[in-house]
Amino acid sequence: MSISVIVPTLLRPLTNGEKRVSTHGNSVAEAIDNLERQFPGIKARLVNAEQVHRFVNIYVNEDDIRFADGLNTPIKAGDSLTVLPAVAGG
Amino acid sequence: MPTLLNEFSLLHSNTASLPKWNALQLCLMEQARLLGIQQLSISPPVDMGSTAFVLQHPAISPIQGHYASPAGWLPNRHLSELLLQAGSGLMSVHGRASGNAQPLGVDYLSALTAAMTLHGTLAAAVGQLRGGVFHQVRISPLGCGLLSIGQYLAGATAPEDREEFQPGCSDPQLRPPFRSSDGITFELETLDSSPWRNFWTSVGIASELAGTAWKGFLLRYARAISPLPAACPMALARLRYAKIQQLAAQAGVAVVPVRSIAQRHEDMDYQQTLGAPWQFELSPTPSRKHRDIAAPPHLPLQGLRVIESCRRIQGPLAGHLLALLGAEVIRLEPPGGDPLRAMPPCAAGCSVRFDALNHLKSILEVDIKSTQGRQLVYELAREADVFLHNWAPGKAQEMQLNAEHLRRVQPHLVYAYAGGWGEAPVNAPGTDFTVQAWSGVADATATKCSTRGGSLFTVLDVLGGAVAALGVTAALLNRAVTGIGAHVESSLLGAADLLMQGSGKTSRGVLSGVYPTQSGLIAIDCQHPDQLQSLAMLLDIPPDVDTCQEPLAEHLRTRPALEWETMLNEHGIGACVVIEDLKQLATDTRIAECLGHKAYSSVNAPWSFL
């Protein structure tokens, strides 16, 4: 089984319009590297200098990776990776 | 503070065109007074027909103001704060995190509609002085209410990832604010996840749980909910406030107590401003005074150029209102664009929430912190009429883009700052929720709604945006008359003060409430004893506010809300279906004129001009 990735609207031009794509890897960083091979350009929209962009949130299943091990957060087959662009404030 | 428009006068009709909505009239008079406008009432009384007021000045033809509701919707004479909150969807948004669809408990749409009314009227005067024909302004109170929830409506009607949050969808106990073991209620605020994580770890909450809380907290201004794991408020309920403050300071999280309005009134900055939400500073008289020369405009602010450098809601909404009045708004965004553009739900490659506030603007990406970027801002300001920003305190000076810097390149500029805290010495991000807490708005709402804190609807961002935009147009009008530019500052806190000044000054109706029916909720507002009498006769119930409640509730359960709305209004009793699902607004043909339908439902300008 692979990792399913929920792609936000604004990144879908990079995934040929697909909302849900599959990838693999043992960590979020590996999954993103593999995504980059499938969909060139997507990594730069998610991370910069090995850090997740400030206004991008990545969840493994329901858990925000910033509250786990960041890009080193382990993942396994069957997990779902959700990318949610969001700005705090109000 | 200079009284800006003291040669203008507002003549009020003696025959109130919205007789059930005294709070609106009071707010209008108060806001006009704060702008220096003289108030006149006609003596002896003259029936001005449907004209609610007239703006006068020796240099303009009188401008008549009218309130206008969509035909087939509620009659104007029944409009009131309660019914507008019900019919605009505001109760629905507020209800998401407060248990059920219910009123905010403050005269919010009175303050907002008054600001929008004055804004349209002053804009009409600017338009006249620029060669246009604007003798009459018509304001839709419903349109004002809809604008207040425009971003939520966009989210609820997006083509995909649509937000489906109904009243009561989030536990009203498991949301901010928090309460300490010694009984202090307070808000936490941070715009980054690291301080949040560090704080919760320091109070014994596992990182994973803190992450769950962050997801809701991060999106609370967008969704009007902020679900928290029960362990979070429980952990803080075991600690004293002083300890929480200490841990929060160590982690970099701000703590703001929920204070009463009485506490707010004791603040030095409150006493200094005397409740005025605007601070105007007129520019020195330039060697050459500004003269408006333009082709006659179709919209009052057409031909005027606004440069906007604002993030999030308050500032962009102010720019949006100026754009709705015809101004050309050029929005400065950082290289790569505003990150809010990507926030779902999206349509046509842009966040609908963002689009709702920015679709009328042209966008220029510029790094305003760079020397090159600053030079570009100077060049833009040279050809501009208004510069509007909401940068953090001190940033304008740091970037050499304060009022004085820009006045050097454009002496007639209206330089506007829509900030958070004004002059208040509060060391916290000035966001809607911290300012609601500090100002007394949260406490007033909590008391009325029996919740712990204020609303998660962005009460102050919206009112603050309307207040900021009104300040800009007041300064433009002053410039059109005197030829002199100005620096105008407003803030979320100033908007909160204005809201609280206008709230609760008028007596509540004899019977005023939200009731379940066979299908949906109905808001009923009997402002006068004769309306209660009519209701009692119609339903054969006692004409007494206490003893009628039980049989009234029983009767109301026998028909759907929409039937009651029609029947009660026909009998002279103010009643309005409570919009619970915002999507209802988009399909209600009676109010179609208020909304535009692109990929999502957007809110049209609430003004029209003749």
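If you look chain A up in an unreviewed UniProt entry, it shows as Molybdopterin synthase sulfur carrier subunit from Pseudomonas citronellolis.

J.: Run through the overall build of chain A, naming residues and quoting values.
T.: Of regular secondary structure, chain A possesses two helices and seven strands. Computed over its C-alpha atoms, the radius of gyration of chain A comes to 12 Å, within 12% of the 12 Å expected for a compact globule of 90 residues. If one aligns the C-alpha atoms of chain A with their principal axes, the spans along those axes are about 40 × 30 × 25 Å. Within the span of chain A, comprising 90 residues, buried residues form 53% of the whole.

J.: Residue-level account of the side chain of serine 170 of chain B, with values.
T.: If you trace the backbone, serine 170 of chain B turns up in the loop between helix 6 (150–156) and strand 6 (178–179). Excluding residues within four positions of it along the chain, serine 170 of chain B makes contact with Arg96, Ala97, Ile225, Ser226 and Pro227 of chain B.

J.: Got a sec to walk through the sheet that holds strand 6 (residues 63–64) of chain A? Specific residues and values, please.
T.: Residues and elements named next belong to chain A. What the five strands build is an open sheet, ordered 2-1-7-5-6; its pairing is mixed. Across the chains shown, the open sheet's two edge strands, defined by having one partner strand only, are strand 2 (20–23) and strand 6. Sheet topology places strand 1 (residues 3–6) next to strand 7 (residues 80–85); three bridges connect them, and they run parallel. The residue of strand 7 that forms the bridge with valine 5 is leucine 81. Sheet contacts for helix 1 (residues 28–38): strand 1, strand 2, strand 5 (56–60) and strand 7; angle to strand 2, the most-contacted strand, approximately 110 degrees.

J.: Break down the packing of helix 14 (residues 314–324) of chain B against helix 21 (residues 459–482) of chain B for me, with residues and values.
T.: All names here are of chain B. Direction vectors running N to C along helix 14 and helix 21 enclose 50 degrees, while the axes themselves pass 7 Å from each other. Judged by the inter-axis angle, helix 14 sits oblique to helix 21. Regarding helix 14 and helix 21, the two cross each other, and that crossing is right-handed. Seen from helix 14, the contacting residues are Gln314, Leu317, Ala318, Leu321 and Leu322; seen from helix 21, they are Asp461, Val462, Gly464, Gly465, Ala466, Ala468, Ala469, Val472 and Thr473. Residues belonging to the contact of helix 14 with helix 21 are distributed by class as follows: nine nonpolar, four polar and one charged.

J.: How would you summarise helix 1 (residues 22–34) of chain B if you had to cite specific residues and measurements?
T.: Residues and elements named next belong to chain B. In this model, helix 1 (13 residues) spans 18 Å end to end at C-alpha, consistent with the 18 Å of a helix rising 1.5 Å per residue. Buried within helix 1 are the following residues: Ala23, Leu24, Cys27, Leu28, Gln31, Ala32 and Leu34. The buried residues of helix 1 occupy an angular sector of 160 degrees when projected down its axis, which confines them to one face. Within two residues after helix 1, glycine 36 carries a phi angle of roughly 90 degrees, on the positive side.

J.: With reference to specific residues and values, describe the sheet that holds strand 6 of chain B.
T.: Residue and element names in this part refer to chain B. In spatial order, the strands read 6-7-8; together these three strands make up an open sheet with antiparallel pairing. The strands lining the two open edges of the sheet, one partner per strand, are strand 6 and strand 8 (254–257). Bridging between strand 7 (residues 185–189) and strand 8 involves four bridges; their strand directions are antiparallel. Along strand 8, the bridge assignment pairs leucine 188 with valine 255. In this fold helix 11 (residues 241–251) packs onto strand 7 and strand 8, with an angle of close to 150 degrees to the strand it touches most, strand 8.

J.: Explain the pattern of salt bridges to me, using residue names and the numbers behind them.
T.: This model, assessed by the stated rule, comprises 30 salt bridges over all chains. The salt bridge partner of aspartate 79 of chain A is lysine 76 of chain A, with a shortest N-O separation of 3.4 Å. Aspartate 79 of chain A gets classed as buried once you look at its relative accessible area, which sits at 7%. As a salt-bridge pair, arginine 353 of chain B and glutamate 163 of chain B come within 3.4 Å of each other at their nearest N and O atoms. Separated by 190 residues along the polypeptide, arginine 353 of chain B in helix 15 (residues 352–358) and glutamate 163 of chain B in the loop between helix 6 and strand 6 bring together distant segments of the chain. With respect to burial, arginine 353 of chain B and glutamate 163 of chain B carry one shared label: buried. Connected through salt bridges with shared partners, the residues Glu308, Arg331, Glu333, Asp338, Arg341 and Lys361 of chain B form a single ionic network.

J.: Which residues make up the interface of chain B and chain A, and what are the values?
T.: Counting from both sides, the interface comprises 31 residues of chain B and, opposite them, 21 residues of chain A. Summing both partners gives a buried area of about 2,400 Å² for chain B against chain A, and 59% of it is carried by carbon and sulfur. Counting every contact that joins chain B to chain A gives five salt bridges. When the shortest N-O distance is used, the salt bridge between arginine 12 of chain A and glutamate 160 of chain B registers 2.4 Å. Put simply, chain B and chain A have eight residue pairs in polar contact (both at pLDDT 80 or more) between them. Counting only elements with at least two residues in the side of chain B that touches chain A, the list comes to helix 7 (193–202), helix 8 (207–218), helix 9 (220–223) and helix 19 (432–439) of chain B. Here the side of chain B that touches chain A takes seven residues from helix 8 of chain B, the largest share from any one element.

J.: Requested: an account of the packing of aromatic side chains, with residues and values cited.
T.: Evaluation of the coordinates by the stated rule reveals 16 aromatic pairs over all chains. Residues tryptophan 196 of chain B and tryptophan 214 of chain B carry aromatic rings whose centres are separated by 5.7 Å and whose planes lie at 50 degrees to one another, so their mutual orientation is tilted. Here tryptophan 196 of chain B, found in helix 7, pairs with tryptophan 214 of chain B, found in helix 8; they are 18 residues apart in sequence, far enough to count as distant. Take tryptophan 196 of chain B: its relative accessible area is 0%, and that puts it in the buried class. Among the residues examined, tryptophan 214 of chain B registers a relative accessible area of 2% and is labelled buried. Among the aromatic side chains, those forming a connected cluster through ring pairs are Phe178, Phe186, Trp196, Phe199, Trp200, Trp214, Phe217 and Tyr241 of chain B. The positively charged end of lysine 215 of chain B is found above the aromatic ring belonging to tyrosine 59 of chain A, 4.4 Å away from the centroid. A cation sits over an aromatic face here: arginine 559 of chain B above tryptophan 564 of chain B, 5.6 Å from the ring centre.

J.: Requested: an account of empty space enclosed by the protein, with residues and values cited.
T.: Residues and elements named next belong to chain B. Summed over all chains, the structure comprises nine cavities of 30 Å³ or more. Space inside the largest cavity adds up to approximately 80 Å³. Of all the secondary structure elements, the ones that give two or more residues to the lining of the largest cavity are helix 6, helix 14, helix 15 and strand 22 (601–603). Its residues placed into classes, the lining of the largest cavity shows five nonpolar, five polar and no charged.

J.: Tell me about the pairing of strand 2 of chain A, and name the residues and values.
T.: Residue and element names in this part refer to chain A. Of the two faces of strand 2, only the one carrying Val21 and Thr23 is buried; Arg20 and Ser22 on the other face are not. The pairing of strand 1 with strand 2 spans four bridges and is classified as antiparallel. The residue of strand 2 that forms the bridge with serine 4 is serine 22.

J.: Before we move on, could you go through the layout of surface pockets and cite the residues and values that matter?
T.: Residue and element names in this part refer to chain B. In this structure, the largest pocket encloses a volume near 940 Å³. Going through the elements one at a time, strand 11 (328–333) and strand 16 (414–419) are the ones with two or more residues in the lining of the largest pocket. At three residues, strand 16 tops the list of elements feeding residues into the lining of the largest pocket. In terms of residue class, the lining of the largest pocket is made up of 18 nonpolar, nine polar and eight charged.

Parameters and conventions
- Residues numbered from 1 in each chain as written.
- Chains lettered and ligands numbered in written order.
- Predicted model: local features only at pLDDT ≥ 70, side-chain atom pairs only at ≥ 80, totals over all residues.
- Heavy atoms only, no water.
- Helix = DSSP H or I, 4+ residues; strand = E, 2+ residues; numbered from the N terminus.
- Rg over C-alpha atoms; globule rule 2.2 N^0.38 Å.
- Buried < 20%, exposed > 50% of the residue type's maximum accessible area, 1.4 Å probe, protein only.
- Contact = heavy atoms within 4.5 Å.
- Pairing = 2+ DSSP bridges.
- Axes fitted to C-alpha atoms, helices over the stretch in contact; angles between N-to-C directions.
- Parallel < 35°, antiparallel > 145°, perpendicular 65-115°, else oblique.
- Left-handed = near helix turned anticlockwise from the far one by under 90°.
- Nonpolar A, V, L, I, M, F, W, Y, C, P; charged D, E, K, R; others polar.
- Expected span 1.5 Å × (residues − 1).
- Arc of directions from axis to C-beta.
- Salt bridge = Lys/Arg side-chain N within 4 Å of Asp/Glu carboxyl O.
- Buried area = accessible area lost by both parts, 1.4 Å probe.
- Polar contact = N/O pair within 3.5 Å; in protein donor to acceptor, adjacent residues only side chain to side chain.
- Phe/Tyr/Trp six-rings, centres within 6.5 Å; stacked < 30°, edge-to-face > 60°.
- Lys NZ or Arg CZ within 6 Å of the ring centre and 35° of its normal.
- 1 Å grid on protein atoms, 1.4 Å probe; cavity = no way out; pocket = protein on both sides within 12 Å on 5 of 7 lines; lining within 4 Å.
- Points joined across faces, edges and corners; volume = space filled by probe spheres on them.

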